[in-house]
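Structure assessment
Here are the chains, one letter per residue:
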Amino acid sequence: MLPSNSKWLALLGAIVSLGAASAPAQMLINGAGATFPFPIYSKWFNEYAKVDPSVRFNYQSIGSGGGQKQILSETVDFGASDGPMSDENLAKAPRKLLHLPTVAGADVVTYNLPGNPAIKLDGPTIGAIFLGTVTKWSDPAIAGQNPDAKMPDLDIVVVHRSDGSGTTYIFTDYLSKVSPDWKAKVGKGTSVSWPAGIGGKGNEGVSGQVKQVPGAIGYIELAYAKQNKLSYADVKNSAGNYITPTIDSVTEALAAADIPDDFRFSMTNPPGALAYPISGTTWLLVYAEQKDHDKGEKLVQFLKWAYSDGEKLAPGLDYAPLPDALVKRALERVQSIKY
Amino acid sequence: MSSVPSISPVLPAPGSRVPDIAFKWVAGLAAAMIVVLIVLVGWQLYAGSRLSLAKFGPGFLWSSEWDPVQDKYGALPFIFGTLVSSLLGLLIAVPLGVATALFLTELAPLRLRQPIIMAIEMLAAVPSVIFGLWGIFILIPWLRDHLFVWLKHNLGFLPLFQGPIYGVSMLAAGIIIAIMILPIVTSISREILRSVPNLQREAAYALGATRWEVLKIAVLSYARRGLFGAAILGLGRALGETMAVTMVIGNRPVISASLFAPGYTLASVIANEFTEATTELYLSSLFELGLVLLVVAILVNAAAQLMVRGMTGSGPIKVS
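Residues numbered from 1 in each chain as written. Chains lettered and ligands numbered in written order. Predicted model: local features only at pLDDT ≥ 70, side-chain atom pairs only at ≥ 80, totals over all residues.

Residues and elements named next belong to chain A. The alternating pattern of strand E3 (residues 78-81) places Phe 78 and Ala 80 on one face and Gly 79 and Ser 81 on the opposite face, and all of these are buried. Looking at chain direction, strand E1 (residues 27-33) and E3 are connected through 3 bridges and run parallel. Residue pairing in the sheet places Gly 31 in a bridge with Phe 78 of E3. One ladder, built from 3 bridges, connects E3 with strand E11 (residues 279-287); its direction is antiparallel. Looking at the pairing, Ala 80 lines up with Leu 284 of E11. (Buried ≥ 20, exposed ≤ 12 C-beta atoms within 10 Å, placed from the backbone. Helix = DSSP H or I, 4+ residues; strand = E, 2+ residues; numbered from the N terminus. Pairing = 2+ DSSP bridges.)

Okay, here's the thing in structure tokens:
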């Protein structure tokens, strides 16, 4: 199915570029993939149009799966993904494919409790709640961490994402690291077999359920929670501190994460004392050798701009920018792209 | 020939069969397109699901496991959810739709008819996602706090109305589906009832029947087959309904006797998981769910056709 699908897309792309060709020579660079960074990428492309009007970017936020497929079949000039590509998928690439981290985000644990108290949770407790083994808010595992808040004798209703998403990937990746039970029974992925609870579609589906059901708990993106003023828990990190999710504590997590040379890393549960533990990054997927000289040149110029000026736009849209050290490493990689 | 130059060479000679033949071909082509389209869709779904078909075989149909992490897939809870939510929708929508159609064709004052018909047609124009949002924010809180509590209290002895109440549930999905298929069921039923010849009614009145008896004997039983057809068209819509259902059904692949429990449908899981499916087998299994949905729809329609055939009703009169 997909190869023929890609042919159609290529044909469509050809038609689109034919249309563009009649306009004054403006180059069109096509990308597709992750939905999570779509707002910041659109912002980048808009801003970059002012920097270099001779190139136009077209980004389709079709999901990470589609982004990986399309860059592998080279129907787009760059891909984007919320999770790193698996070794199996990466092996299908015709040439060396680079992962370039762009911005980071976090998952927050949102809840609905009478009186709206601020609560604190550690990883194993969150794991037990989502496994369905801790079923009451008054459970000592929760109450013990929250001596100041009075925990009601209320059933916990777990709400998770029903659609495959990078948000779920980050959350389950974190739980797999802090809860051996979770790792054995569920594991990590953009969709998993949930042992408990109900599924809501998208951040809005999960937060909608949580807002309505007293005793509900769910996970959503930090940006969404901030923009909609939802309450969320402080989470205990690996240094033993309870951390409020903020853009700064996510950038801290990035700075503390151990990042290998191919940039396929997981930044959940990093060692830093001030790092928020449930966070993750998103990647652009770009070939190390560009086929088309002109396009490759323009793409590299854009990436350089993104890592210098683009990163500064991130906090305004509630994304965490990369720390300087990582930006430097990523830029070195961008400079190595041949075209 | 040269002696009759007045006949234009462009226009066919009078009595020519060219337009007839051309029209026949154009119309035939249009009809053939539909068949070709269905076959192509089926073929693409089959081609896409080959990997999953080879790996799981027929066991895919009765396995309840859906675990993308372990790369294990089975369709049973989704088939169950699709059938149950659609049937619930039909059970609610068909009596309502037929009653509305009866009211509109037989009982309503003439000047009321057009406004009501327009209102029903408006209902058909509301996008699915709007029904879903309305479901999340208005219908579900009301169901959870009132209707479901009442059902549990009064009918809780039935397994259908037991267990915890989340709000999102199979029953909520059935109600949303009912609202969404109501327009099609109503307007087709109305057309069917309108086509019942007046002679029927007059004959019944002449025999001294009351209004209710006329409706029952002369109208409803005459139109039975047609009304059944309306229900089937509604069912076709119900089986494929995706967005609104996803938003209210709870998206949990379980098979539960309770209508308060969350469920999951074939169309919903495809819509939910397609974008982020990264492994080949995962994608292939989602394709196979699509194939299953197509086959279920065909089977349900075929069964319905057989049932219609076995029914008496409109056509040359045979009032029982």
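What follows is about helix H13 (residues 324-335) of chain A. All names here are of chain A. The end-to-end C-alpha distance of H13, which contains 12 residues, comes to 16 Å, matching closely the 16 Å that a straight helix rising 1.5 Å per residue would cover. Along H13, the residues that are buried comprise Leu 326, Ala 330 and Val 334. Seen end-on, H13 carries its buried residues on one side only, within an arc spanning 80°. Facing away from the buried surface of H13 by more than 90 degrees, the exposed residues are Asp 324, Ala 325, Lys 328, Glu 332 and Gln 335. Contact partners of the buried residues in H13: strand E4 (97-111), helix H11 (247-256) and helix H12 (293-313). (Expected span 1.5 Å × (residues − 1). Arc of directions from axis to C-beta. Contact = placed C-beta atoms within 7 Å.)

All names here are of chain A. Its identity is not glycine, yet Lys 229 carries a phi of approximately 50°, on the positive side. One can find Lys 229 in the loop between helix H10 (222-227) and strand E9 (234-236). Even without a glycine there, the phi angle at Asn 269 is positive, about 50°. Turning to its location among the elements, Asn 269 is positioned in the loop between H11 and E11. By C-beta crowding, Asn 269 is classed as buried, having 22 other C-beta atoms within 10 Å.

As a further point, take the sheet that holds E9(A). Read across the open sheet, the 3 strands follow the order E5-E9-E10 (chain A); overall the sheet is mixed. Single-partner strands in this sheet number two, and they are strand E5 (120-121) and strand E10 (242-243) of chain A.

Moving on: the interface of chain B and chain A. Counting from both sides, the interface comprises 26 residues of chain B and, opposite them, 30 residues of chain A. Where the side of chain B that touches chain A is concerned, the elements lending two or more residues are helix H1 (18-48), strand E1 (66-67), helix H6 (128-155), helix H11 (243-249) and helix H12 (266-273) of chain B. In terms of residue class, the side of chain B that touches chain A is made up of 13 nonpolar, 9 polar and 4 charged. (Nonpolar A, V, L, I, M, F, W, Y, C, P; charged D, E, K, R; others polar.)

Below, the discussion takes up the sheet that holds strand E2 (residues 55-60) of chain A. All names here are of chain A. Strand order in the open sheet formed by 8 strands is E2-E1-E3-E11-E4-E8-E6-E7, and the pairing between neighbours is mixed. Edge positions in the sheet fall to E2 and strand E7 (198-200), since each of these pairs with one other strand and no more. On average, each strand axis in the sheet is tilted by 25° relative to the strand beside it, whichever way the strands run. Packing of helix H7 (residues 166-178) onto the sheet brings it into contact with E4, strand E6 (157-161), strand E8 (216-221) and E11, and relative to E11 it is tilted by some 125°. (Axes fitted to C-alpha atoms, helices over the stretch in contact; angles between N-to-C directions.)

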